Every structure is written in C-alpha cells, then in structure tokens.
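Descriptive structure summary
Take a look at the letters that make up each chain.
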Amino acid sequence: MTRHPHSVQHTVGMDSVDAADAVKSGGLPGARGLFATVFLHALAEFAAWIAVLVVAFERGGASAAGIAVLAQLVPAAVLAPVVGAAGDRFARHRVLTASFSIAAIASGGIAAALVLDAPLAVIYTFAAVFTVSTTAAPATVASLLVHYARTPTELMRWNVTNSSVRAAGCLGGPLLTAVVLGFTEPAAVFAALMVGCAVTALLTGLRLPRDDRLPTALSISNVLDDARRGVAYVVTAPGPRRIVGFIGLTELFIGVLDIVFVAVAFEQLDRGGSVVALLSVAFAGGMLVAAASTSRFVGWRLSPLSIIGAALLTLPLTVVGHTTSLVAVLGLTAALGAGSGLVEISSRTLLQRACDDTMTSRAYGALGSTTLIAAAIGGGIAGQLIDTGDLGDVISAIALVGATVLIIGALQLGRVERSIPSPDTALVARLRSVSFLSALPQPTLERLARGSEHRSVSAGCDIIVEGDHGDEFLVLISGATEVHVGGTLLGRFAAPAGFGEVALLHDVPRTATVTTTEPCDIAAIRRDDFLEAIRRTATSHRDALVVAEQYHQPAG
C-alpha cells in the first residue's frame, strides 16, 4: 500500500531520479542533445540520399536513379520493424549510438567505392546499409517524446520542435551536398558524412539521458518477436492502420517527387546535380516554414491540418512541369515542402496518440517499413514514367492523381481522431498521486485509467482481505480506510492512496486487510496491467519495491 508521493523516501539511481524529475516538471530530458541528434540525422540522411541519386543519374539516367531508390529502400523496409522494435526493448541512447556508428562505416564505404570507381552495385550496397541504420532514429525519438509528454498539447509542441529541427536538417543536408558538388566530387560528401555520423554517435552516447527503464537482456528472438507483434498491431488496430496507410501514401508521392526533382533539374531546367540539391533545399525550407507556422495552431484538431497539407503537397506540382524558371520551380517546391511538413506533424502526432504506448517504437518500425516500401515504389514508377512520356504531362498527371488520393486519405483521419478516447484527467491525476506511479509516462497512466474498473463502496466493507489471492491494485479516489495486519491496526489512510502492490509484486497472498471507514470510490487495476506498467519504468518499479518492503511485514 502507498500513501501520498512524499511519504516514501526514494532510493533510486541518479539517472532515474533525473528522468523522473524531468517528467514531474513537464520537461524533456536531454532536449538539446536529442534535437541535435534529430538535426544531424536528417542532415546525413538527405545529404546521402541526394548524392546517391546524383551519382546514379549521371551514370545511367532516370532509370538508374529509380534503381538506386529501390536498392536503398527495399532492404531498409524489410528490416525497419526489427530496427524500430529495438527502441521499445533496449536503452534508447545505445540504439541511437549503434545506428550512427553503422552509418559512419557505410558512408566511409561509399566514399571509398567512389574513389576506386567501383560498380554501382557496390555503391548501392553501402547505401542500403546506411539507409537501414538510419531507420532507428525516428522510431526511437518518437518513443522518447511519448514517454515524457504529460499532455497531448505538450506532445504536439515537442513534435513541432522535432519537425522544425528535422526540416532544418533536411535543408542543411542538400545544401551541404550542393556546396560540395559545386567544388568537388561526390566522394567528398560521403567522407564528410562519415565524420559527421561518427561525431553524432559520440554525442548520443554522452549527451542523451540514460533510459528510465529496466535493463533487458539482448535476445534476437525477443527483438524479432517484438517486430512481429508491432506489425500485427498496426495491421489489426483500425486507428494506427489508417494513419500508417495515409502516411505511406504521402511517402509514395514524396518518392515520386525525388525522381521528378532530378528530372526537372537535368532535363527541364538543363542544370546539374547542384540544382537537384537546391530543389531539396527549397522543399526542406517549406517544411521548416510549415513547422514554424504550426506552432501557432497547437490546439487545433490534427485531421484538418492533414487535409491542408495534402493539398499543398500535391497541387503546386501541376505548375512545376510547365515552367523553365528556376525561381518559380524553387518557390513551388517550397510550397510542396510546406505541405509535407503539415502532413508529417499532424499525422505522426495522431499516430502517437492513437497507439498503445507500449507499441510506439514498434508501430513506428512498421511505419518505417511502410514508408520505405512506398517511397521505393514511387521512385520506381516515376523513373519509368518520366523515361517514356512527356515530362510536363507526366508531372501534371502525377499531381492530380496524388491530390485526389491524399485528400481522400486525409479526410479519413478525422474519424480516427474522433475515436481516440479523451482521458479521465481526474482519475489520471489520482493515479499520479500514488508515489510509485508518479514517474510513469502520461500515456501509460491514461491506459491504466481506461482499463480500470470503477467501484463505489459503502462504509464498513473489506476491499482487501488478508490471506486472499491478489489480482488487483486498488486506488482510493475518495474516502478513507483502515488497514489491519493480524487484527492489529496498522494505520488509517485517506484518499489518495493505493493498496495491494505487495501481493502483486511478490506473488504472495494479501498481507493485510483494508476496510472502508466511510463511503469510498475506488479504481481497480488488473494485475497484468499494473505489473506491465510498473516494469516498463525503472523509477516506478524501484519505488514500488521500496513501498512493498515497508509493508511486507507488520509494523511493530
């Protein structure tokens, strides 16, 4: 049993205390280091992406660029659920460190292959390894934001910041590529990325906070099982399925845009690889503007933002294929990027809110697989269409079909948003007042509140009987109780208070009898739900054990 959170002395490690304090104050632990990692991830991802496409196009045209898209994205799509599942099982800072370390090795491999004039197949292989390694970051960061956000509004604000930082990286990556390609060969881009990824790996190891979770033994079978369950969850849960499907369609369209930008730069504008990078810079700039603008609409519903974003992401493309002005193309590309930014912020925030909090990283792993497959399909289709048809007509047709499909998909998100249950804020507050529940993430508390059974009990009733089997944790919402052990009064407790953790944590019969002394309202949490929540957060687990040990033996 437990009383007010300040009635128990915490005995946990410094890292867990820091994380718990950050949760209680509404802060995001290691925010500066985390968002620096997001920026550097986006910069490296887009710099490498543009550089590989330029190399492929210069050697074999649009078809070769389409093959480059497939070669990078298909392996990553297959492995994304496994990589994403790691963020739900292992320390997140270690997952990110491993990811960037592998990316550094792959970047160095591409640089060496270019210097040695190796076949495109060798370059594609290293590029595939690079892309696989980078799929860890989005899922891991999403899991961290959900873990620490106290309200949907706070989660939205952090996602806006995340998207803004990511957009800045998306802008910086192509800009870096454009500058380097203006003076030297693509190998220099990958040499720089090798150094940058290595530095980022070191940054994540030193700057990000240690996870507030219990250690997990490394087991490939467990990770594969997590990945399977994550995919099954997204396939069977209606809300996540619709959201992932919509995001997949937007990524298919963005995959088309990647090849369109290359074709427009080389064929329509008669420019080289540096202009491809500039178009990507304009696209990222539009994303950055959209993210900055969205910060003013944090309280809005998310589905209307998705509809606006879908229109902006597609309709300006109808004009792109019919102008030879670089300035006009850059402006229209920025509008496309703004649409992408709105779609990303709204739809991914909606996915975090619609998902069970225990499935966030795994759902994002499945999302990563979906988006990579979609982008690969989009790039492959665009490469074939552009090689066989009139560029302007093909681009206009792509824009109109894309607008129709994406706007219809965005309209479906309104149904998902309305289906997300509003949290019982009063009950969540009562749960947080229990000492060892106070460090739990907001989504976990909301899940416990939704799954609990409300009971009204009159005075003089035994709500727990010594010696009985324990299968619930009880939270006293209102009223007062007495606790007896062996017939001896142990203490009197008024709401808020929690009872029953000893039997659940130690798997023993009830160690005390709890009797109401006045009418009480009680929330009953099932054993499995209670233990799963407690064991996912190291601070809560340790605090619960401290409280349980206090009451495991009768007081003298």
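Above this note sits the structure.
This report concerns the structure included in the present document.

Definitions and cut-offs
Residues numbered from 1 in each chain as written. Predicted model: local features only at pLDDT ≥ 70, side-chain atom pairs only at ≥ 80, totals over all residues. Heavy atoms only, no water. Helix = DSSP H or I, 4+ residues; strand = E, 2+ residues; numbered from the N terminus. Buried < 20%, exposed > 50% of the residue type's maximum accessible area, 1.4 Å probe, protein only. Contact = heavy atoms within 4.5 Å. Areas by Shrake-Rupley, 256 points an atom, 1.4 Å probe, with all protein chains shown as cover. Disulfide = S-S within 2.5 Å. Salt bridge = Lys/Arg side-chain N within 4 Å of Asp/Glu carboxyl O. Polar contact = N/O pair within 3.5 Å; in protein donor to acceptor, adjacent residues only side chain to side chain. Pairing = 2+ DSSP bridges. Axes fitted to C-alpha atoms, helices over the stretch in contact; angles between N-to-C directions. Core = buried A, V, L, I, M, F, W, Y, C linked by side-chain atoms within 4.5 Å. Expected span 1.5 Å × (residues − 1).

On to the overall build of the chain, then. A count of helical and extended segments in the chain gives 20 helices and eight strands. When the 556 residues of the chain are sorted by exposure, 59% land in the buried category. For the chain, long-range pairs separated by at least 24 residues make up 84% of all intrachain contacts whose partners lie at least 6 apart in sequence. Of the roughly 21,200 Å² that the chain leaves accessible, carbon and sulfur atoms contribute 61%.

Okay, the state of the cysteines next. Counted under the stated rule, the structure contains zero disulfides. Free cysteine C520: the closest other cysteine sulfur is in C461, separated by 9.1 Å.

Time to look at the pattern of salt bridges. Under the counting rule described, the total for this entry stands at nine salt bridges. Measuring nitrogen to oxygen at the nearest pair gives 2.5 Å for the salt bridge that ties E472 to R455. Pair noted here: E472 is in strand β3 (residues 472-478) and R455 is in strand β1 (residues 453-457), with a separation of 17 residues, a long-range link. The shortest N-O distance in the salt bridge between D529 and R526 comes to 2.8 Å. Judged by relative accessible area, which is 48%, R526 ranks as partly exposed. Within this structure, E45, R166 and E344 form a network of salt bridges that share partners.

Let us look at the side chain of Q352. Summarising the element assignment, Q352 is placed in helix α13 (residues 326-354). A relative accessible area of 5% means that Q352 is categorised as buried. Side chain to side chain, Q352 and N159 meet in a polar contact 2.4 Å long.

By the secondary structure assignment, R447 is in helix α17 (residues 442-451). Given the relative accessible area of 15%, R447 is considered buried. Among the polar contacts made by the side chain of R447, one reaches the side chain of E532 at a distance of 3.2 Å. If we skip the residues at most four places from it in the chain, R447 touches D356, D357, T358 and E532.

Another aspect to go through is the sheet that holds strand β2 (residues 462-464). The sheet built from four strands is open, its strands ordered β2-β7-β4-β5 with antiparallel pairing. Single-partner strands in this sheet number two, and they are β2 and β5 (488-494). The sheet shows a mean angle of 30 degrees between the axes of neighbouring strands, taken without regard to direction. Note: β2 against strand β7 (residues 513-516), two bridges, orientation antiparallel. The residue bridging D462 from the neighbouring strand is T515, located in β7.

Looking now at the nonpolar core. One finds L53, F190, L193, L257 and L317 to be the most contacted residues of the largest nonpolar core, which totals 109 residues. With 21 residues, helix α2 (residues 31-86) is the single largest residue contributor to this core. Each residue touching F190, except ones within four places of it in the same chain, is listed here: A48, A51, V52, S107, I110, A111 and L114. In this structure, L431, I525, L531 and I534 belong to the second largest nonpolar core, which totals 21 residues.

On to unusual backbone geometry. For the bond from A495 to P496, the omega torsion is 0 degrees, close enough to zero to count as cis. One can find P496 in the loop between β5 and β6 (497-499). At D117, a position not held by glycine, the phi torsion is positive, near 55 degrees. Its location among the elements puts D117 in the loop between α3 (92-115) and α4 (120-134). You can call D117 exposed: its relative accessible area is 58%. The backbone of D507 shows a phi angle near 55 degrees, a positive value even though the residue is not glycine. Mapped onto the fold, D507 is located in the loop between α18 (501-506) and β7. Judged by relative accessible area, which is 56%, D507 ranks as exposed.

Attention now goes to helix α9 (residues 238-268). Over its 31 residues, α9 extends 43 Å from the first C-alpha to the last, a length consistent with the 45 Å expected when each residue adds 1.5 Å. The buried fraction of α9 amounts to 22 of the 31 residues, a majority that puts the element mostly inside the structure. Phi turns positive one or two residues past the end of α9, at D270, with a value near 55 degrees.

Here we take up the environment of M287. With respect to the helices, strands and loops of the structure, M287 is situated in helix α10 (residues 273-294). Judged by relative accessible area, which is 4%, M287 ranks as buried. It is 4.4 Å that separates the C-alpha atoms of M287 and A338, two residues lying 51 residues apart in sequence. When near neighbours in sequence (up to four residues on either side) are disregarded, M287 contacts A167, G337, A338, S340, G341 and E344.

In short, shape yes, function no, at least from these values alone.
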